[in-house]
Every structure is written in structure tokens, then in C-alpha cells.
There are 2 protein chains.
Amino acid sequence: MRWRDLETADCPIARAMSILGDRWTLMILRDCFFGVQRFEAFQANLGLSRTILRDRLAHLVEAGILVQRPYQDRPVRYDYVLTAKGRALNGVMLMLGEWGRTAVEGQPETQIRHRHQTCGHILTPYVACAACGEEVVAKDVRAVRAIGSV
Amino acid sequence: MRWRDLETADCPIARAMSILGDRWTLMILRDCFFGVQRFEAFQANLGLSRTILRDRLAHLVEAGILVQRPYQDRPVRYDYVLTAKGRALNGVMLMLGEWGRTAVEGQPETQIRHRHQTCGHILTPYVACAACGEEVVAKDVRAVRAIGSV
DNA sequence: TTAAGTGCGTTTAGTTTATGGACTGACTAT
DNA sequence: ATAGTCAGTCCATAAACTAAACGCACTTAA
């Protein structure tokens with residue numbers, strides 16, 4: 001199966017993965033959330049090949065997740081910054097980090113956490129339901145095919 | 001950079017991606033959450049090559065995300081089912097699906113949603129802070145290096 | 001008892017992607 | 001002038017992925 005056939009899949013996870021589903025894209029976006037904006041910085045942080053970095057950044061721009069913002073002329077150079085669509089990945093990132101932190105063994109002495117500025121605590125994120133505000137756990141959820149949303 | 005070097009990274013997202021970060025693994029896990037358990041079913045649903053499927057399932061078992069549960073002898077055949085560690089990915093899946101649904105254009109007529117059994121509504125998931133219960137948005141969050149958690 | 005089917009894999013050969021390193025180009029700073 | 005910075009391209013090699021065929025240990029149907 002060709003990978004980017006998933007773009008038009010019926011399943012939103014499949015559509016998400018058609019954009020995010022390779023070895024580097026989510027790592028690049030993690031760096032974006034940490035404030036990294038420049039080509040050299042991504043490359044130095046991640047250690048991926050420049051060819052791939054170029055390709056992935058271009059895809060992310062094309063997908064509307066990053067925008068190029070010129071920070072100098074002669075020669076023109078761009079920062080890569082998150083769009084609203086990119087910032088909307090915040091929840092995915094937080095949950096992914098939480099899973100990596102709690103579920104994946106391997107105990108580095110320090111780990112990166114987040115502080116929730118509005119309450120001051122170190123963040124432990126969980127997924128809640130917009131309708132009832134309760135925490136959502138796997139067993140309480142059933143997949144349904146929906147037209148519209150209710 | 002060699003990919004599985006990330007296993008011991010300091011960043012929990014990097015550690016998560018060392019397991020989940022390829023084109024198919026999260027798609028396989030999505031199917032697991034939808035109840036798929038058998039080799040042929042994964043292969044038919046996803047259309048990936050059998051070679052890769054074998055490899056990915058083996059990795060997921062090795063990582064403790066799936067377990068093989070024999071459902072017949074002669075010849076012995078296994079179901080692949082989520083462990084607690086696997087089920088802990090529920091939040092990631094929900095947020096990934098929500099992002100795919102709301103942020104990725106392309107409007108199939110029907111989409112897969114979830115029903116939140118405890119309140120009966122179609123689920124719109126969001127990420128909340130365990131300390132204060134409020135929704136967590138990108139701008140209210142700052143990365144910190146932490147030893148312990150508080 | 002032969003034939004067909006099922007389920008899970010392996011093998012093979014060919015294609016696609018990724019990799020690391022050198023290189024270019026347009027500058028700036030010393 | 002010389003070195004350094006930054007973003008990117010080019011290239012040869014290496015690794016990953018693919019589709020299709022095949023193998024094996026059965027079960028079921030003819």
C-alpha cells in the first residue's frame with residue numbers, strides 16, 4: 001500500500017498518520033514545541049540527515065503545520081514556526097510524553113516535564129470528555145460511525 | 001543517527017517514538033483498540049506487507065505493548081492483545097484522532113467517532129491537568145527538567 | 001483420499017527511502 | 001583575506017519496504 005493513500009482515509013487516526021507517521025516528523029514537532037525554529041538547530045538536536053530534514057520540513061509546511069517566517073534577507077533565511085494547526089498537536093504531544101514517561105522503562109535521572117502555569121504544578125495530563133468533564137478510560141469508549149457529531 | 005538509540009533518551013517523547021515511531025506501528029495499535037487481534041485481519045485491514053507486519057508485531061510484543069495469547073494448538077496460533085501498557089496509549093490515540101478529525105482537511109461523509117459510555121455523548125476529548133482539572137493549552141505549559149515529580 | 005481452504009509466516013527479488021559526508025552559495029565577523 | 005555561519009543540495013552506499021510466491025500444519029468438503 002502506498003503511504004499517502006491514507007490522506008483520504010475514513011479514519012481520523014489514519015489521516016493524522018499520513019502526515020505524522022514517519023520516524024522523524026513527530027520529533028521535529030517536539031522540538032518546535034520546545035522553541036526550536038531553525039534548520040541547524042533541528043539538525044544538531046536530532047542528528048538526522050539534512051536531506052531528510054529538508055524533506056520533512058517541506059512536508060510540514062505544505063501540510064500547514066509549520067510556516068516559514070523570514071528572519072533575514074541576503075540570503076533569505078527562515079524560521080519554522082508552528083501554525084494554529086500545529087499548536088493543536090499539543091494534546092497529542094502531552095499524552096505521548098506522559099506515556100513515554102510512565103510506560104517506557106529506562107530511568108534517566110532527569111526527565112523533561114511540564115509546568116502548568118495556571119496552577120503552578122508539574123503537569124500530569126489526562127484525557128477528559130468535553131461533555132461530562134470526566135476522565136476518559138479505554139473501557140468506557142466505543143467506536144461508532146458518525147455523520148455529524150451530536 | 002541510529003533509530004533505537006532513542007530508547008534511552010532523556011525525553012519521554014523520544015522514548016515513546018523509539019517504539020511507536022514508524023509508519024505502521026500506530027496504525028496496528030489503532031486496529032488493536034478497535035478489537036482486531038489476528039495476523040490476517042491486520043494485514044487485510046492495513047494492506048501492509050506481511051514481512052513488516054510480522055516485524056512490527058514482534059517488536060510490540062517485545063516492548064510489552066501486546067501479548068500473544070494462544071487460541072488454538074496444532075498448529076499453535078496467537079491472538080495479539082493489548083497489555084495494560086498498550087491500553088495506556090488510549091489517550092494518545094484519542095488525541096491523535098481528534099487532531100486528525102478537526103485539523104486535517106478532507107471530509108469523508110462518515111467518520112469514526114467514539115461514544116463515551118459513562119455519559120452517553122459522542123466524545124470530544126481534551127487534555128486536562130491532574131492537579132487542577134482545567135483544560136491544558138499550549139501557551140500555559142513550560143518545559144522543565146525535573147527530578148522526581150511534585 | 002484427494003482437493004481445497006485457513007492462518008501465519010518465510011523467501012526472494014526488486015524498488016524505494018534513508019544515511020552520512022562532502023560540497024555550494026551567500027553572506028558576516030575578524 | 002580568512003574563517004565562520006546557515007541553509008541547503010548532491011551523491012554513493014546502506015537499510016527498509018514491497019508484492020508475490022511459497023511452505024507448513026493443520027481442517028473441512030467432496
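Here goes a summary of the coordinates provided.

Cut-offs used in this document
Throughout this document, residue positions are counted from 1 along each chain, in the order its sequence is written. Chains and ligands are labelled by the order in which they are written, letters from A for the one and numbers from 1 for the other. With the structure being a predicted model, the display of local features is reserved for residues of pLDDT at least 70 and the display and counting of side-chain atom pairs for 80 or more, all residues being used for whole-chain, interface and lining totals. Note that the side-chain values use all heavy atoms of the structure and ignore hydrogens as well as water. The helix count covers DSSP runs of H or I at least four residues long, the strand count covers runs of E at least two residues long, and both are numbered beginning at the N terminus. In this scheme, a residue with accessible area under 20% of its type's maximum is buried, one over 50% is exposed, and one in between is partly exposed, where area comes from a 1.4 Å probe on protein chains only. Two residues qualify as a contact provided that any one of their heavy atoms is within 4.5 Å of a heavy atom in the partner residue. Areas reported as accessible are Shrake-Rupley estimates using a 1.4 Å probe. Residue values count occlusion only from the protein chains shown. The charge count includes Lys and Arg as positive and Asp and Glu as negative, but it does not include His or the ends of the chains. Throughout, a charge is located at the NZ atom of Lys, the CZ atom of Arg, the CG atom of Asp or the CD atom of Glu. Definition of nearness: a residue and a molecule or strand are near each other if at least one heavy atom of the residue lies within 4 Å of the molecule or strand. Whenever a nitrogen or oxygen atom comes within 3.5 Å of another N or O atom, the pair is scored as a polar contact, on the condition that within protein one atom can donate a hydrogen and the other can accept it, and that pairs from neighbouring residues in sequence are kept only if both atoms are in side chains. When residue character is reported, Ala, Val, Leu, Ile, Met, Phe, Trp, Tyr, Cys and Pro are called nonpolar, Asp, Glu, Lys and Arg charged, and the others, Gly included, polar. Fitted lines through C-alpha atoms give the axes, limited to the stretch in contact for helices. The angle between two N-to-C directions lies from 0 to 180 degrees. An angle below 35 degrees is treated as roughly parallel, one above 145 as roughly antiparallel, one from 65 to 115 as roughly perpendicular, and anything else as oblique. Here the quantity called buried area is the accessible surface, traced with a 1.4 Å probe, that two parts lose on coming together, added over both. Salt bridges are counted wherever a side-chain nitrogen of Lys or Arg sits within 4 Å of a carboxyl oxygen of Asp or Glu. In this scheme, a helix's expected span is set at 1.5 Å multiplied by one less than its residue total. We superpose the copies by least squares over the C-alpha atoms of residues that have a pLDDT of at least 70 in both of them. Two strands pair under a simple rule: DSSP has to find at least two bridges between them.

1. Let's talk about the overall build of chain A
Here is step 1: Tallying secondary structure elements over chain A gives six helices and five strands in all.
Here is step 2: Starting at the N terminus, the α and β elements of chain A follow one another as α-α-α-α-β-β-α-α-β-β-β.
Here is step 3: Taking the principal axes of the C-alpha coordinates as reference, chain A spans close to 55 × 40 × 30 Å.
Here is step 4: For chain A, buried positions account for 49% of its 150 residues.
Here is step 5: The long-range fraction of contacts in chain A, counting pairs at least 24 apart against all pairs at least 6 apart in sequence, stands at 36%.
Here is step 6: For chain A, the accessible surface area stands at approximately 7300 Å², while carbon and sulfur atoms represent 49% of it.
Here is step 7: Here chain A carries 20 positive and 16 negative side-chain charges, and the mean point of each set is 4 Å from the other.

2. A short note on the protein's contact with DNA strand D
Here is step 1: Met 1, Glu 40 and Arg 77 of chain A together with Arg 56 and Arg 74 of chain B are the nearest of the 19 residues found near DNA strand D.
Here is step 2: Among atoms of DNA strand D positioned within 4 Å of the protein, sugar and phosphate together represent 69%.
Here is step 3: Arg 56 of chain B is positioned such that a nitrogen or oxygen atom in its side chain is 2.8 Å from a phosphate oxygen of DNA strand D.
Here is step 4: A distance of 3.3 Å separates a sugar or linking oxygen of DNA strand D from a polar atom in the backbone of Arg 74 of chain B.
Here is step 5: Every element with two or more residues in the surface near DNA strand D is listed here: helix H3 (39-46), helix H4 (50-62) and strand E2 (77-82) of chain A together with helix H4 (50-62) of chain B.
Here is step 6: Tallied by class, the residues present in the surface near DNA strand D amount to eight nonpolar, three polar and eight charged.

3. A few points about the environment of Ala 131 of chain B
Here is step 1: Turning to its location among the elements, Ala 131 of chain B is positioned in the loop between strand E4 (125-129) and strand E5 (141-146).
Here is step 2: On the basis of relative accessible area, Ala 131 of chain B is assigned to the partly exposed category, the value being 43%.
Here is step 3: In this structure Ala 131 of chain B touches Cys 119 and His 121 of chain A, once residues within four positions along its chain are discounted.

4. Regarding the packing of helix H1 (residues 12-20) of chain A against helix H6 (residues 90-103) of chain B
Here is step 1: Between H1 of chain A and H6 of chain B, the least distance of the axes is 7 Å, while the angle of their chain directions is 85°. As the angle between them shows, H1 of chain A and H6 of chain B are arranged roughly perpendicular. Where H1 of chain A approaches H6 of chain B, its residues Pro 12, Ile 13, Arg 15, Ala 16, Met 17, Ile 19 and Leu 20 of chain A are matched on the opposing element by Met 93, Leu 96, Gly 97, Trp 99, Gly 100 and Arg 101 of chain B.
Here is step 2: For the contact of H1 of chain A with H6 of chain B, the class distribution of residues is nine nonpolar, two polar and two charged.

5. Digging into the interface of chain A and chain B
Interfaces are often sized by the amount of accessible area the parts lose when they come together.
Here is step 1: If you look at the interface, chain A gives 87 residues, while chain B gives 87 residues.
Here is step 2: Of the roughly 8000 Å² buried between chain A and chain B, counting both surfaces, carbon and sulfur atoms make up 68%.
Here is step 3: The tally of links from chain A across to chain B stands at zero salt bridges.
Here is step 4: Linking chain A to chain B there are 20 residue pairs in polar contact (both at pLDDT 80 or more).
Here is step 5: Among the secondary structure elements, those contributing two or more residues to the side of chain A that touches chain B are H1, helix H2 (25-33), helix H5 (84-87), helix H6 (90-103), strand E3 (111-116), strand E4 (125-129) and strand E5 (141-146) of chain A.
Here is step 6: Top contributing element to the side of chain A that touches chain B by residue count: H6 of chain A, with twelve residues.
Here is step 7: Split by residue class, the side of chain A that touches chain B holds 51 nonpolar, 18 polar and 18 charged.

6. Topic: H6 of chain B
Residue and element names in this part refer to chain B.
Here is step 1: Taking 1.5 Å as the rise per residue, H6 with 14 residues should run 20 Å; its terminal C-alpha atoms sit 20 Å apart, in good agreement.
Here is step 2: Counting buried positions along H6 gives twelve out of 14 residues, so the element sits mostly inside the fold.
Here is step 3: Inspection of H6 places Asn 90, Gly 91, Val 92, Met 93, Leu 94, Met 95, Leu 96, Gly 97, Glu 98, Trp 99, Gly 100 and Ala 103 among the buried residues, and these make up the whole buried set.

7. Quick look at the relation of the copies chain A and chain B
Here is step 1: By a simple turn and slide, chain A fits onto chain B: the slide is 0.0 Å along the axis, the RMSD is 0.1 Å, and the turn is 180°. Both copies of the chain, as the preceding transformation shows, are related through a two-fold rotation axis.

8. Quick notes on the environment of Gly 91 of chain B
Here is step 1: By secondary structure assignment, the location of Gly 91 of chain B is in helix H6.
Here is step 2: Each C-alpha atom, one on Gly 91 of chain B and one on Tyr 126 of chain B, is 9.3 Å from the other, the two residues being 35 residues apart in sequence.
Here is step 3: Aside from chain neighbours lying at most four places away, what touches Gly 91 of chain B is Met 95 and Val 127 of chain A.

9. Examining the pairing of strand E2 (residues 77-82) of chain B
Residue and element names in this part refer to chain B.
Here is step 1: Note that strand E1 (residues 66-72) and E2 share six bridges and pair antiparallel. Paired with Arg 69 across the strands is Asp 79, a residue of E2.
Here is step 2: Joining the antiparallel neighbours E1 and E2 is a turn of four residues, in which Arg 74 adopts a positive phi near 45°.

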